[in-house]
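Structural characterization, general
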Amino acid sequence: MRLFVSEGAPGCLPVLAAAGRARGRAELLISTVGPEDCVVPFLTRPKVPVLQLDSGNYLFSTSAICRYFFLLSGWEQDDLTNQWLEWEATELQPALSAALYYLVVQGKKGEDVLGSVRRALTYIDHSLSRQNCPFLAGETESLADIVLWGALYPLLQDPAYLPEELSALHSWFQTLSTQEPCQRAAETVLKQQGVLALRPYLQKQPQPSSPEGRAVTNEPEEEELATLSEEEIAMAVTAWENGLESLPPLRPQQNPVLPVTGERNVLITSALPYVNNVPHLGNIIGCVLSADVFARYSRLRQWNTLYLCGTDEYGTATETKAMEEGLTPQEICDKYHIIHADIYRWFNISFDTFGRTTTPQQTKITQDIFQRLLTRGFVLQDTVEQLRCERCARFLADRFVEGVCPFCGYEEARGDQCDKCGKLINAVELKKPQCKVCRSCPVVQSTHHLFLDLPKLEKRLEEWLGRTLPGSDWTPNARFITRSWLRDGLKPRCITRDLKWGTPVPLEGFEDKVFYVWFDATIGYLSITANYTDQWERWWKNPEQVDLYQFMAKDNVPFHGIVFPCSALGAEDNYTLVSHLIATEYLNYEDGKFSKSRGVGVFGDMAQDTGIPADIWRFYLLYIRPEGQDSAFSWTDLLLKNNSELLNNLGNFINRAGMFVSKFFGGYVPEMVLTPDDQRLLAHVTLELQRYHQLLEKVRIRDALRSILTISRHGNQYIQVNEPWKRIKGSEADRQRAGTVTGLAVNIAALLSVMLQPYMPTVSATIQAQLQLPPPACSILLTNFLCTLPAGHQIGTVSPLFQKLENDQIESLRQRFGGGQLEETFDLKAKTSPKPAVIETVTTAGPQQIQALMDEVTKQGNIVRELKAQKADKNQVAAEVAKLLDLKKQLAVAEGKPPEAPKGKKKK
Amino acid sequence: MAAAAELSLLEKSLGLSKGNKYSAQGERQTPVLQTNNGPSLTGLTTIAAHLVKQANKEYLLGSTAEEKAIVQQWLEYRVTQIDGHSSKNDIHTLLKDLNSYLEDKVYLTGYNFTLADILLYYGLHRFIVSIIVTGFFSVVFRMIFKTLS
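Residues numbered from 1 in each chain as written. Chains lettered and ligands numbered in written order. Predicted model: local features only at pLDDT ≥ 70, side-chain atom pairs only at ≥ 80, totals over all residues. Heavy atoms only, no water.

Going by this rule: UniProt positions are given in the numbering used here, feature names are shortened, and annotations may be inferred rather than shown by experiment.
Going by the annotation in an unreviewed UniProt entry, the name recorded for chain B is Eukaryotic translation elongation factor 1 epsilon-1, with Rhinopithecus roxellana given as the source organism. Here is the UniProt Function (unreviewed entry) comment for chain B, exactly as written: "Positive modulator of ATM response to DNA damage."

Shown next, in the form of structure tokens:
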């Protein structure tokens, strides 16, 4: 027989591995053909590898060829193997060919590649870990292992695409990769070039249609009803019967919360919001709200929990904002700190402390860490070229320069980072830089600065990551970003700035400089804790006893995963480092981005004006939490989810369960006599509850919310099938059945109220008050479903929990927030700013004002011409030119024209 | 034809008396069979092969290594190619390829009727009734006719 292969055809890997595994390759002739050669006479489209049998028949399916080799050796395939092969052909292959195409042909990276196969990889991992066998179809290797290994090898041989949290997949893959036939096949096909060896073949292929073309999706995955064993049912019944007895005593509340030896001590931080802006919904879900759910969950588990956050207040942005509003930086910080605190209070965020970074503690701790780094030789001095705006007479902080990204060409890249490609930028590398305040072109000047010697700390960082990452719950994006930073090699990073509003640098010659915020902002967590308790070191210098969870959006990963750990490791003071770095993707607004300047999107302070309760916002934001991929806020979807999931599913179930108790049983929970069907329901609920725990322990907040909704769906179905409202009018047995169904249902409602607590604290408390749930059961969630409302328990008054959202209400909100607040924002700016020069636009002016401006422009134009004619001092000319430009800009705005872009500085 | 209906039809033609219940899973509505003595089975061809074994008609899966591999190849073709494509062009190419393959054959494996013929027939049925019949695909029709008889 003859095997036709082609350079870089991925199918050759499993085929060669199977050939090697099942038999010697002796009788196998191998011919190499071009990727577009048609070998099989009856197939229109080219296909390799192909096996031509001695009978003249062709096998053109990769799995069929592998199967044939196995069959020749006498190995038959069982149902499970067949199932894996069918899954490989129908589910894995489409996803995988898309991923390989993106990677090899389109040069995409990271989540763009991994995104399309993640679901499939997770499925394999779960199957392996569930059946607890080393191989796919059981204790021994089968055809399925070879075929799947061969398909996955080109992608997974790059560790960046083998997510570490999929540990079962990981060890399965390693086991197979070390086998001799597999190794040989890999060498033959990939020729040690890695996945790029596939390029000659793949680039001749049409682009596969993306299997998960919906990049942004808010839809839940399929729910599968698990099968239950007798044992599981029996265990669920026993736990249920033990009821309230099995609840441990409630932990006494401490103030301040401090780590306790022998307990699980959970320290939770949310990225510190920058003080000069009002946070939008994307900011809120990205850090504070996500961290809040986990903090509340952690307390429900009776873990000793401290949740902290605060406003990040230093930096140029604050200085500029202060200038704009005619206040001092301190006044700006005070003002916005309150705005932030109010917003989070409205959203019911359960901080133990919400502090700020402009405190003496911040200075003390930052300077201490700096001194330690300095004496240990981890700080370098160097001169840097920095952009200085002559017109504003100051060095420009990175985020106050805009220009063209040197990497991807994005036109509006900021001086520190490009929003498009996400790469960090050195401001002087920006092409066509512009001062963000006055739009003039800054000049490069050199100035002395301090640098954190990251290359010197790289090895320690890698060691620490090597210890920390395996088995931890770092999100895949956090792992990926950290790993790619390390792969590119760390560079020294500048940690000082020419500013006043910041932590002073305690070093001679640097008196007029402050620390750059990204060096000291992350130290804010420590100083905020220090302001909360003088025993802060028990949290922050206690890595053995403290589990640190840090929540943020993915753009913050480098500072928490690389920079701060490097500072802390270099300071050698036994700091507590992040155990679980939880990063979200981005939340979009409708079909675009949230934008303060364009007035698009819902911002924290406006959410409360919508008349929609905080808990509904919480629910929806958590339901669409950008976990694993970007997601989008949509008004229509909010209406839909409120009316379907909350009103019709959850609210309806809980209300019905309570109403039956009030209406049919006088408000007392009836006797329950469980039938086998009820016991199965108990076990199903228990299973879902355990899933909820598993997910939340892994901080998969969005997925765990689905478990709550699934349980309430089970509950609704249960009521619907058993019809207690009919049975209550029937025979004695019927009435008893109605009692059991009602009692079980109201207990499920009680369980749901506790599970819901992290997500919707107010609704949770309302349900618990309606059901008069005994206090310890309100605050503790075990892994088993207990009967917390025993027969005879009296409940309170039951009333509906949710309100329907109407189309016209939502439509008017969409109108209002979809760019509608534009005027309002500008009005505000015009009122508060004393300097019209920095306003992007003003409200339209009357003809008189326009005339006055025109006169001024003419006058100023003459001044400039005169100065130039006299060959006056350059700086003087520049200053007058700037004035002229300002006037022209104001005039343009007054006339309702878009401001003219300064010549040669901005290309559109 | 939904997968569940197709499998019930297969059960009948295999002479299996007890009708199984199937659920569907995922976007593609992949059929799932809950077996009594073990985990559930997922996937049309997987379940079909399982039913064939249950009915003690293993010969429908092929008798030699070559036949077995060929049967599985066409079963895979059924679920990836026939079920996966819907554009007129794709269907045309697919029928043309099959027609040309069957030129010198009675059944997909040659001379023996197998599960592959049954499932391909079921799968092609929807095209054949929905497109205009031309004499071009005579061989495919011959196969279908034989399968039916």
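1. Describing the overall build of chain B
The line we're drawing: Runs of E in the DSSP output that reach at least two residues are strands. Runs of H or I that reach at least four are helices, and both are numbered from the N terminus. Two residues qualify as a contact provided that any one of their heavy atoms is within 4.5 Å of a heavy atom in the partner residue. Each accessible area is a Shrake-Rupley result for a 1.4 Å probe, and residues are judged covered by the shown protein chains and nothing else.
Helix and strand counts for chain B stand at six helices and three strands. Going from the N terminus to the C terminus, chain B shows its helices and strands as α-β-β-β-α-α-α-α-α. Excluding contacts between residues fewer than 6 apart, the proportion of contacts in chain B whose partners are at least 24 apart in sequence is 61%. As presented, chain B carries roughly 7,200 Å² of accessible surface, and 55% of it is formed by carbon and sulfur atoms.

2. Comments concerning the overall build of chain A
Inclusion rule: Relative accessible area decides the class of each residue, using a 1.4 Å probe on protein chains only: under 20% of the type maximum gives buried, over 50% gives exposed, and in between gives partly exposed.
For chain A, the count of helices and strands is 32 helices and 20 strands. With 908 residues in all, chain A has 57% of them scored as buried. Excluding contacts between residues fewer than 6 apart, the proportion of contacts in chain A whose partners are at least 24 apart in sequence is 77%. Surface accessibility of chain A: about 38,600 Å² in total, with carbon and sulfur atoms responsible for 50%.

3. Comments concerning the nonpolar core
Keep this limit in mind: Residues belong to one nonpolar core when they are buried, are Ala, Val, Leu, Ile, Met, Phe, Trp, Tyr or Cys, and are joined through side-chain atoms within 4.5 Å.
In terms of nonpolar packing, the biggest core is built from 182 residues, with F633, W635, Y692 and Y759 of chain A touching the most fellow members. Looking at which element gives the most residues to this core, the answer is helix α10 (residues 281-300) of chain A, with 12 residues. Not counting the four nearest positions on each side in its chain, Y692 of chain A is found in contact with Y297, A704, S707, I708, M755, P758, Y759 and L781 of chain A. Counting residues in hydrophobic clusters, the runner-up holds 127 residues, among them L28, L169 and L190 of chain A together with L61 of chain B.

4. Some words on the sheet that holds strand β13 (residues 443-452) of chain A
All names here are of chain A. Counted only if it meets this: Only when DSSP finds a minimum of two bridges between them are two strands counted as paired.
A sheet is described by the order of its strands in space; here four strands give the open sequence β9-β8-β13-β14, paired in antiparallel fashion. Only two strands of the sheet have a single neighbouring strand rather than two, namely β9 (394-395) and β14 (493-494). Sheet analysis places strand β8 (residues 379-389) next to β13, joined by 10 bridges and oriented antiparallel. Looking at the pairing, L380 lines up with F451 of β13.

5. Side note on the packing of helix α13 (residues 360-375) of chain A against helix α17 (residues 524-532) of chain A
All names here are of chain A. Put simply, the rule is: Axes here mean lines fitted to C-alpha atoms, for a helix over just the part in contact, with angles spanning 0 to 180 degrees between N-to-C directions. In these notes the angle categories are as follows: under 35 degrees is roughly parallel, over 145 is roughly antiparallel, 65 to 115 is roughly perpendicular, and the rest is oblique. Put simply, a crossing is left-handed when the front helix is turned counterclockwise from the back one by less than a right angle, and right-handed when it is turned clockwise.
For the pair α13 and α17, the least separation of the axes is 8 Å and the interaxial angle reads 135°. The angle between the axes of α13 and α17 places the two elements in the oblique class. Seen from above, α13 lies across α17 with right-handed handedness. Packed against α13, whose contacting residues are Q361, Q362, I365 and I369, the element α17 presents G524, L526, S527, A530 and N531 at the interface.

6. Some details on the sheet that holds strand β5 (residues 265-270) of chain A
Residues and elements named next belong to chain A. The parallel open sheet is built from five strands, whose spatial order is β7-β6-β5-β17-β18. Because the sheet does not close on itself, it has two edges, and the strands there are β7 (353-356) and β18 (580-584). On average, adjacent strands in this sheet sit at an angle of 20° to one another, irrespective of strand direction. Relative to strand β6 (residues 304-311), β5 runs parallel, the two sharing five bridges. When the sheet's bridge partners are listed, N265 is paired in β6 with N304. Against the sheet, helix α12 (residues 329-346) makes contact with β6 and β7, and its axis sits at roughly 160° relative to β7, the strand it touches most.

7. Quick notes on the confidence of the model for chain A
Atom-level detail of predicted coordinates should not be read off regions where pLDDT is low. In plain terms, the rule: As a per-residue measure, pLDDT reflects the predictor's confidence and takes values from 0 up to 100.
In the predicted model, chain A carries a mean pLDDT of 86, and 90% of its residues have values of at least 70. Within the model, the stretch residues 898-908 of chain A combines pLDDT values under 50 with 15 contacts to residues more than four positions away or in other chains.

8. Topic: the pattern of salt bridges
Put simply, the rule reads: We define a salt bridge as a side-chain nitrogen of Lys or Arg found within 4 Å of a carboxyl oxygen belonging to Asp or Glu.
Applying the stated criterion across every chain yields a total of 45 salt bridges over all chains. Ionic pairing is found between K335 of chain A and E325 of chain A, a salt bridge with its closest N-O pair at 2.7 Å. Highlighted residues: K335 of chain A in helix α12 and E325 of chain A in helix α11 (residues 316-325), separated in sequence by 10 residues. For K335 of chain A, a relative accessible area of 34% gives the class partly exposed. Where K105 of chain B meets D104 of chain B, a salt bridge forms, and the shortest distance between an N and an O atom there is 3.1 Å.

9. Section: the interface of chain B and chain A
Short version of the rule: Once two parts are put together, the accessible area they lose, assessed with a 1.4 Å probe and summed over both, is termed the buried area. Definition of a polar contact: a pair of N or O atoms within 3.5 Å, with one able to donate and the other able to accept a hydrogen when the atoms are protein atoms, and with sequence-neighbouring residues admitted only if both atoms are side-chain atoms. Residues are grouped as follows: Ala, Val, Leu, Ile, Met, Phe, Trp, Tyr, Cys and Pro are nonpolar; Asp, Glu, Lys and Arg are charged; every other residue, Gly included, is polar.
Between chain B and chain A, the contact holds 35 residues from the first and 31 residues from the second. Summed over both partners, the interface of chain B with chain A buries about 2,800 Å², with 50% contributed by carbon and sulfur atoms. Linking chain B with chain A are two salt bridges. Between K53 of chain B and D79 of chain A there is a salt bridge, with its nearest N and O atoms 3.1 Å apart. For the pair chain B and chain A, the interface holds 17 residue pairs in polar contact (both at pLDDT 80 or more). Secondary-structure elements contributing two or more residues to the side of chain B that touches chain A are β3 (41-42), α2 (44-54), α3 (65-82) and α4 (88-102) of chain B. Here the element with the most residues in the side of chain B that touches chain A is α3 of chain B; it accounts for 12 residues. For the side of chain B that touches chain A, the class distribution of residues is 10 nonpolar, 15 polar and 10 charged.

10. Notes on helix α26 (residues 732-755) of chain A
Filter applied, for reference: Take the residue count of a helix, subtract one, and multiply by 1.5 Å to get its expected span.
Helix length check: α26 of chain A (24 residues) gives 35 Å between terminal C-alpha atoms against 34 Å at 1.5 Å per residue, within 8%. Within α26 of chain A, 19 of the 24 residues are buried, which leaves the element mostly enclosed by the surrounding structure.

11. A look at the environment of N132 of chain A
Counting through the fold element by element, N132 of chain A comes out in the loop between α4 (111-131) and α5 (143-156). N132 of chain A gets classed as exposed once you look at its relative accessible area, which sits at 66%.

12. Comments concerning the packing of aromatic side chains
Basically, it comes down to this: We call Phe, Tyr and Trp rings a pair once their centres come within 6.5 Å, taking the six-membered ring for Trp, and we label the pair stacked below 30 degrees between planes, edge-to-face above 60, and tilted otherwise. Two limits define a charge over a ring: the Lys NZ or Arg CZ must be within 6 Å of the ring centre, and within 35 degrees of the ring normal.
Evaluation of the coordinates by the stated rule reveals 41 aromatic pairs over all chains. Between W346 of chain A and F347 of chain A, the ring centres sit 5.0 Å apart and the planes meet at 85°, which makes this aromatic pair edge-to-face. When its relative accessible area of 24% is taken as the criterion, W346 of chain A is described as partly exposed. Feature note: the residues F42, Y58 and F60 of chain A together with W74, Y77 and Y101 of chain B constitute an aromatic cluster, connected by ring pairs. Directly above the aromatic system of W303 of chain A lies the positively charged group of R264 of chain A, at a separation of 4.1 Å from the ring centroid. Here the guanidinium or amino end of R497 of chain A rests over the ring plane of Y516 of chain A, the centre of that ring lying 3.8 Å away.

13. What to know about the packing of α26 of chain A against helix α27 (residues 761-771) of chain A
All names here are of chain A. Two numbers describe how α26 lies on α27: the axes approach to 8 Å, and their chain directions differ by 145°. Relative to α27, α26 is oriented so that their crossing is left-handed. Seen from α26, the contacting residues are V746, A749, A750, S753 and V754; seen from α27, they are S764, I767, Q768 and L771.

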